[in-house]
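Tertiary structure, described
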Amino acid sequence: MTRIALQRNIRFLIPAAAFIVLFAIYVGTHPRGFSTYVVTIWANQGALLFFAAFAQFFVVLVRGIDLSVGAMVALSNVVASHVLAGEGAILWLGIVAVIGTGLACGFINGLVVTFGRIPPIIATLATGAVYSGIALFLRPTPGGDVNSDLSDALTYSIAGVPTSLILIVVVLVAFALILRFTAFGLSLYGLGSSEHSAQLTGISLLRMRIAAHALGGLCAGMAGFYVSMVTLTGDAGIGPTYTLNSIAAIVLGGVSLSGGIGGPFGVVVGALLLKTVAALMFFSGLPPLAQPFFEGLILALAIALGSLGILKVRNRLKLFAQ
């Protein structure tokens, strides 16, 4: 049983072990060591990619891919720079507007993919260009204003525990429960594993695909909101980085790009692993321009390792048992 369990969870266990080792190296080599300050900065950066990775995860889970994740994050961030400067009820309405922007973009993506019968990679490339254009129109140059009190509450610490880390745990648990114990979550996995079988069980492929894109957009809106909390500004040019890194994070976390395989714990491990690698490269003295090269190399290696399991399977029917 132990061997079977290891084989089933190998996609998660390898990146989890790598994350533990690299995080230990990071805090061990940091000038300030393992402290609230160091962990808070690391957790804040990790939370940004955490939300963006989930925006990609829900779409990939149903055999799609979303190249508009970065654009949705950027647009939500730009909207935040316009509507999060107030206080009281105005501020709460602004928060709803920011997250709602991501939700609306994801919903539109779902409609285009399903009713337009356009491959997701092409549809989201097109919609992403539209979202990026709107973001540039609203904020041609980085700027804007965000409520500093709200930012402090969401980016500092509570009793020595980073607020961003608390947010990560709360959202992670919520998504894990949804995916594991609700008909909606099981339907997402069913659609990703086999469209034909899912349809035979009565699952609406159109509604589930739209819902997956909408949920991805919601996560992108949350990512854009948190970018605003960390940077206190809006920037329409941040999109491309989040698109690439969201794909890298879920692949590193053991999520299959062919759909139906992977879980929320793998997503968070992949996101935090990638951010830890970036932090280590920063402290190693590598030029900033070299970082995208190494991130791309890590993504290529992750995809190659993930393909080894498929290459070893002689009977292709066994893939459905994974």
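Residues numbered from 1 in each chain as written. Predicted model: local features only at pLDDT ≥ 70, side-chain atom pairs only at ≥ 80, totals over all residues. Heavy atoms only, no water.

**Things to note about the overall build of the protein**
When helices and strands are tallied, the protein shows 14 helices and two strands. Looking at the protein as a whole, 49% of its 322 residues qualify as buried. Total accessible area on the protein stands at roughly 15600 Å², and carbon and sulfur atoms take up 72% of it. (Helix = DSSP H or I, 4+ residues; strand = E, 2+ residues; numbered from the N terminus. Buried < 20%, exposed > 50% of the residue type's maximum accessible area, 1.4 Å probe, protein only. Areas by Shrake-Rupley, 256 points an atom, 1.4 Å probe, with all protein chains shown as cover.)

**A closer look at the confidence of the model for the protein**
In low-pLDDT regions, the fine details of the predicted coordinates are not to be read closely. With 88% of its residues at a pLDDT of 70 or more, the protein has an overall mean of 86. Below pLDDT 50 for its whole length, residues 309–322 participates in 10 contacts with residues either more than four positions away or in separate chains. (pLDDT = per-residue confidence, 0-100. Contact = heavy atoms within 4.5 Å.)

**Observations regarding helix 7 (residues 148–155)**
Along helix 7, the residues that are buried comprise Leu 150, Ser 151, Leu 154 and Thr 155. For helix 7, the arc enclosing every buried residue in end-on projection is 110°, short of the 170-degree limit, so these residues lie on one face. Turning to helix 7, the residues buried within the fold contact helix 3 (36–61), helix 5 (88–115), helix 8 (163–181) and helix 11 (205–231). Near the N-terminus of helix 7, the side chain that reaches the backbone nitrogen of Asp 149, with its oxygen 2.9 Å away, is that of Asn 147. (Arc of directions from axis to C-beta. Polar contact = N/O pair within 3.5 Å; in protein donor to acceptor, adjacent residues only side chain to side chain.)

**As for the packing of helix 4 (residues 69–83) against helix 12 (residues 239–252)**
One way to put it is that helix 4 packs onto helix 12 with a least axis distance of 7 Å and a crossing angle of 135°. Of the possible angle classes, the one that applies to helix 4 and helix 12 is oblique. Here the hand of the crossing between helix 4 and helix 12 comes out right-handed. Of the residues in helix 12, those in contact with Val 69, Gly 70, Ala 71, Val 73 and Ala 74 of helix 4 are Gly 239, Tyr 242, Thr 243 and Ser 246. A breakdown of the residues in the contact of helix 4 with helix 12 according to their chemical character gives five nonpolar, four polar and no charged. (Axes fitted to C-alpha atoms, helices over the stretch in contact; angles between N-to-C directions. Parallel < 35°, antiparallel > 145°, perpendicular 65-115°, else oblique. Left-handed = near helix turned anticlockwise from the far one by under 90°. Nonpolar A, V, L, I, M, F, W, Y, C, P; charged D, E, K, R; others polar.)

**As for the nonpolar core**
Among the nonpolar cores identified, the biggest contains 85 residues, and Phe 54, Phe 57, Phe 58 and Leu 84 are the most heavily contacted of them. Here this core gets 17 residues from one element, more than from any other, and that element is helix 3. Once residues within four sequence positions are removed from consideration, Phe 54 is found in contact with Leu 172, Phe 175, Cys 219, Pro 264 and Val 267. (Core = buried A, V, L, I, M, F, W, Y, C linked by side-chain atoms within 4.5 Å.)

**Section: the pattern of salt bridges**
Considering all chains together, one arrives at one salt bridge under this definition. Residues Glu 195 and Arg 209 are paired through a salt bridge, measuring 2.9 Å at the closest nitrogen-oxygen approach. With Glu 195 in helix 10 (residues 195–200) and Arg 209 in helix 11, this pair connects stretches of sequence that are 14 residues apart. Here Arg 209 falls in the buried class, since its relative accessible area comes to 13%. (Salt bridge = Lys/Arg side-chain N within 4 Å of Asp/Glu carboxyl O.)

**Describing the packing of aromatic side chains**
Counted by the stated rule, this structure contains 12 aromatic pairs. Ring geometry for Phe 58 versus Phe 175: centroids 5.1 Å apart, planes at 75°, classification edge-to-face. Placement of the pair is Phe 58 in helix 3 and Phe 175 in helix 8, with a sequence separation of 117 residues. For Phe 58, a relative accessible area of 1% translates into the label buried. Each residue in the set Phe 50, Phe 51, Phe 54, Phe 57, Phe 58, Phe 175 and Tyr 226 is aromatic and connected to the rest through ring pairs, giving one cluster. When the ring centre of Tyr 37 is taken as origin, the NZ or CZ atom of Arg 32, which lies over that ring, is 4.2 Å away. Directly above the aromatic system of Phe 181 lies the positively charged group of Arg 180, at a separation of 5.2 Å from the ring centroid. (Phe/Tyr/Trp six-rings, centres within 6.5 Å; stacked < 30°, edge-to-face > 60°. Lys NZ or Arg CZ within 6 Å of the ring centre and 35° of its normal.)

**Observations regarding unusual backbone geometry**
Despite not being glycine, Arg 117 has its phi angle at roughly 55°, a positive value. Here Arg 117 lies in the loop between helix 5 and helix 6 (120–138). With a phi close to 55°, Ala 159 is a non-glycine residue in the positive phi region. Here Ala 159 lies in the loop between strand 1 (157–158) and strand 2 (161–162). Residue Ala 159 is classed as exposed on the basis of its relative accessible area, which comes to 80%.

**Let's talk about the packing of helix 5 against helix 11**
At a minimum axis distance of 7 Å, the contact between helix 5 and helix 11 shows a crossing angle of 150°. By the angle class used here, helix 5 and helix 11 are roughly antiparallel. Here the hand of the crossing between helix 5 and helix 11 comes out right-handed. In the contact of helix 5 with helix 11, the residues fall into 14 nonpolar, eight polar and one charged.

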